[in-house]
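Overview (structure and organization)
Chain residues, written in single-letter form:
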Amino acid sequence: MTEADRKSSGQPFDSRMLESLVCPSSHGVLSYDAAAQELISKAARLAFPIRDGIPVMLISEARAID
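Structure report, in brief. Predicted model only: the values in this text are computed from it and were never measured. (Residues numbered from 1 in each chain as written. Predicted model: local features only at pLDDT ≥ 70, side-chain atom pairs only at ≥ 80, totals over all residues. Heavy atoms only, no water.)

1. Some thoughts on the environment of Leu58
Secondary-structure assignment places Leu58 in the loop between β4 (54-55) and β5 (63-64). Classification of Leu58 by relative accessible area gives partly exposed; the value is 49%. (Helix = DSSP H or I, 4+ residues; strand = E, 2+ residues; numbered from the N terminus. Buried < 20%, exposed > 50% of the residue type's maximum accessible area, 1.4 Å probe, protein only.)

2. Let's talk about the nonpolar core
Membership of the largest hydrophobic core is limited to 10 residues, which are Phe13, Leu21, Cys23, Leu30, Leu39, Leu46, Phe48, Ile50, Met57 and Ala62. For this core, the leading source of residues is strand β3 (residues 46-51), giving three residues. With residues near it in sequence (within four places) discarded, Phe13 still touches Leu18, Tyr32, Leu39, Ile50, Gly53 and Pro55. (Core = buried A, V, L, I, M, F, W, Y, C linked by side-chain atoms within 4.5 Å. Contact = heavy atoms within 4.5 Å.)

3. Describing unusual backbone geometry
With a phi close to 55 degrees, Gln37 is a non-glycine residue in the positive phi region. As for its placement among the helices and strands, Gln37 is situated in the loop between β1 (31-33) and β2 (38-41). A positive phi is found at Arg45, a non-glycine position, where the angle reads about 55 degrees. Summarising the element assignment, Arg45 is placed in the loop between β2 and β3. According to the relative accessible area criterion, Arg45 is partly exposed, its value standing at 47%.

Any link to function would need more than the numbers given here.
Take a look at the structure:
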């Protein structure tokens, strides 16, 4: 899978979904990075991709962030 496939944004992400979602690792809050199409967990230092408007909340699919 290419990086372009990972960041496909065929449908927009509904940011109201953030009210219901938590990080599966830290159980903390997430922030939305519209430019990267990712949900960011600062506590776990992970970025979860959003594909076709759907957040992929699998730790195995997350990208480690600095």
